[in-house]
Amino acid sequence: MFPTPIQKRSRAAQLTYQSFLPLALILWLLPLLAVALFSIRPLSDFTNGNYWGMPSSFDMFANYGRVLFESDMPRYLLNSLWITIPTVIGAVALSCMTGFALGIYRFRGNLLIFFMFIAGNFVPFQILMVPVRDLTVQTGLYDTKTGLILFHIAFQTGFCTLFMRNFIRALPFELIEAARVEGVKEWRIFWYVVLPLMRPAIAALSVLIFTFIWNDYFWAIVLTQGPNAQPVTAGITAFNSQFVAQYNLMSAGSIVAAIPPVVMFFAMQKHFIAGLTLGAVK
Amino acid sequence: MNAAVHNQTWLQRNKMTVTPILFLIPGILFFTIYVISPIFQSFNISLYEWDGLGDATYIGLGNYQELIHDRSFNMSLWNNVKWLVLYLLAIPGGLAIALFLNQTVPGIRLYKSLFFFPFVLSQVVVGLVFSWFYLPRVGLLNAVLGYLGLGSINVLGDPALATYGVIAAGLWPQTAYCMILYLTGLNAVDPEQIEAGRLDGAKGWRMLWHIVLPQLRPATFIAFVVTIIGALRSFDLISIMTNGGPFGSTRVLSFLMFEKALGEYGFRMGYGSAIAVVLFLIMLVFIGYFLWSMWRDERDARR
């Protein structure tokens, strides 16, 4: 193991390490801790210049209550949810199929198609912006969740295909050959042999895509504009102009907006990290 | 041809070709409509003067000629270089934190998750958090500086500092990302090689450089890919933290493109597309290199 396990070091080194850990963490999360502290202060603290002292009262419930009941925040959160979930389902479904086709079959153009998906996944969003917006406007899907979902599904298919194809490549190929010898139809091989083995990949991709899409901002402002369809990342600017200079409420608002992917991460940590670091080890 | 094959239908005989095609059609269709063909359309639009609504006028390379003399374009390009170079700090930074956390003490798993956690936040939230952190009067940064007797700075209000302030905010989640890549990589480092190195008297830096880092190459490669792509994609943080200001000093190409095509100063789709094409070509150099290395791995894997 590298570096040398701390247990093999001197007692002093161990104590230093143990006390540095929390300190380093606090430093690392300092900007966030500041926001968390802001979000429980009353507004009067800000007018009195009491930014970093003891809060004059703990207004957690009042602040978060106003975010949830006196603003459009719940609507934006729901929009985010209704955009994110269909995208996850769509992109994962499409890429299970493309990954299966590219991972199992040998045909001319296989690598070419695979590399097209990878390359497309890396392009800057701006090169797609004008035509995609135009297409969305022309199909009457501008400022709708559907318009945003369709684009997200298409774009995420690139990354998901990369992921799924490499995962399927690592499966034992003998299983598929054995099924073929038995005379199992190809689509049944997909459904009954490969798909059950892909469960961990599906779980990992789902949490990753959930986070990516929930956190998307660029396409939200390009393809939507009002509280009807805007997800929370875009809605939060409107929220902030509603409560301008009320740092306690703005802080509470951005914490509320951040919570779903954070919960998702902590609940599905193993899958999340497995997905993110696929390929980091050979 | 034997009788068994003869009795099969065309579909059965060609199932190894037909099946992958059928499985690929939906994915390719979506991807072509929303990703591949827009790239070519953007190239085409960049040759027109177009407000997005009325008729487009063909002006050849006019937009590109205008770009060369556009001061905001040059400034944005230069900022992109700053992003690209400074963003790479996330890689050694992530490695350092990964080495720091690669221990087995009680609670270390929670520490790892909490160190990684900024990556899960949306860039919008990161941007807001950091712009409040930098605030001249209210922000924590200036509270700390004041406490240390160092005076105060208005990071995002100063054209000389603002871009660095935004990049620092971007480095926060990006370093966390690189850290998790390296933590996973370190897990897979071969303990026997480490022991062999120790017996040979390798320690500290020498061990890291000669024995550990070579084994971390796959992690380093991915860290490079995601960091470079992330640097060139930077948009959200700029939009949230400075909106390109002060005096346009924090714009990068992606932001400038958005501003020209959909911003307050009118809809110049053609000009915006020309900027997007330039950004795309820069990115293409890196994409080409990434694909080339992946292709090499594929080829080696087949042998």
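Residues numbered from 1 in each chain as written. Chains lettered and ligands numbered in written order. Predicted model: local features only at pLDDT ≥ 70, side-chain atom pairs only at ≥ 80, totals over all residues.

Visitor: Can you help me understand the overall build of chain B in this one?
Guide: A count of helical and extended segments in chain B gives 16 helices and 2 strands. For 303 residues, the compact-globule estimate of 2.2 N^0.38 gives 19 Å, and the C-alpha radius of gyration of chain B, at 25 Å, exceeds that figure by more than 25%. Once the C-alpha set of chain B is aligned to its principal axes, its extents read approximately 95 × 75 × 30 Å. Burial status across chain B gives 42% buried among its 303 residues. Put simply, 68% of the contacts in chain B that link residues at least 6 apart link residues at least 24 apart. (Helix = DSSP H or I, 4+ residues; strand = E, 2+ residues; numbered from the N terminus. Rg over C-alpha atoms; globule rule 2.2 N^0.38 Å. Buried ≥ 20, exposed ≤ 12 C-beta atoms within 10 Å, placed from the backbone. Contact = placed C-beta atoms within 7 Å.)

Visitor: When you look at the overall build of chain A in this model, what are you seeing that I'm missing?
Guide: Across its full length, chain A carries 15 helices and 0 strands. The C-alpha atoms of chain A give a radius of gyration of 24 Å, which is well past the 19 Å a tight globule of 282 residues would have. Overall, the C-alpha framework of chain A stretches about 80 × 65 × 30 Å when taken along its three principal axes. Per-residue burial over chain A gives 45% buried out of 282 residues. Expressed as a percentage of contacts within chain A between residues at least 6 apart in sequence, the contacts between residues at least 24 apart total 77%.

Visitor: Help me out: how do you make sense of unusual backbone geometry in this one?
Guide: Along the chain, Gly245 of chain B connects to Pro246 of chain B via a cis peptide bond; the corresponding omega equals -10°. Mapped onto the secondary structure, Pro246 of chain B falls in the loop between helix H14 (236–241) and helix H15 (253–262). The phi angle at Asp143 of chain A is positive, at roughly 60°, despite the residue not being glycine. Inspection of the secondary structure assignment puts Asp143 of chain A in the loop between helix H7 (126–138) and helix H8 (145–169). Unusually for a residue other than glycine, Ala245 of chain A sits at a positive phi of about 70°. Judged by C-beta crowding, with 11 C-beta atoms within 10 Å, Ala245 of chain A ranks as exposed.

Visitor: Is there a simple way to think about the interface of chain A and chain B in this case?
Guide: Often the size quoted for an interface is simply the accessible area lost on bringing the parts together. Counting residues at the interface gives 76 residues for chain A and 78 residues for chain B. Counted by class, the side of chain A that touches chain B contains 59 nonpolar, 15 polar and 2 charged residues. (Nonpolar A, V, L, I, M, F, W, Y, C, P; charged D, E, K, R; others polar.)

Visitor: Please explain the domain arrangement of chain A as it appears in this structure.
Guide: Residue and element names in this part refer to chain A. If you check the domain split of chain A, you get domain 1 (6–59) and domain 2 (69–276). Computed over C-alpha atoms, the centres of domain 1 and domain 2 are 34 Å apart. Tallying the contact residues gives 9 residues for domain 1 and 7 residues for domain 2. Contributing elements (two or more residues each) for the side of domain 1 that touches domain 2: helix H2 (30–38) and helix H3 (43–47). (Domains from an automatic or database assignment.)

Visitor: What am I meant to see in the nonpolar core here?
Guide: Where a protein is soluble and globular, its nonpolar side chains tend to be buried together. Core analysis: the biggest nonpolar cluster contains 162 residues, and Met179, Tyr182, Ile275 and Leu279 of chain B have the highest contact counts within it. Ranked by residues supplied to this core, first place goes to helix H10 (residues 162–187) of chain B with 15 residues. (Core = buried A, V, L, I, M, F, W, Y, C linked by C-beta atoms within 7 Å.)

Visitor: What exactly am I supposed to notice about helix H13 (residues 217–233) of chain B here?
Guide: Residues that lie three or four places apart on an α-helix share one face, since the helix turns once every 3.6 residues. With 17 residues, H13 of chain B should cover 24 Å at 1.5 Å per step; its first-to-last C-alpha distance of 24 Å lies within 8% of that length. Residues of H13 of chain B that are buried include every one of Ala219, Ile222, Ala223, Thr227, Ile228, Ala231, Leu232 and Arg233 of chain B, and no others. (Expected span 1.5 Å × (residues − 1).)

Visitor: Honestly, the domain arrangement of chain B in this entry has me stumped. Any pointers?
Guide: Looking at chain B, the domain boundaries give domain 1 (3–43) and domain 2 (70–302). Of note, the centres of domain 1 of chain B and domain 2 of chain B, computed from C-alpha atoms alone, are 38 Å apart.

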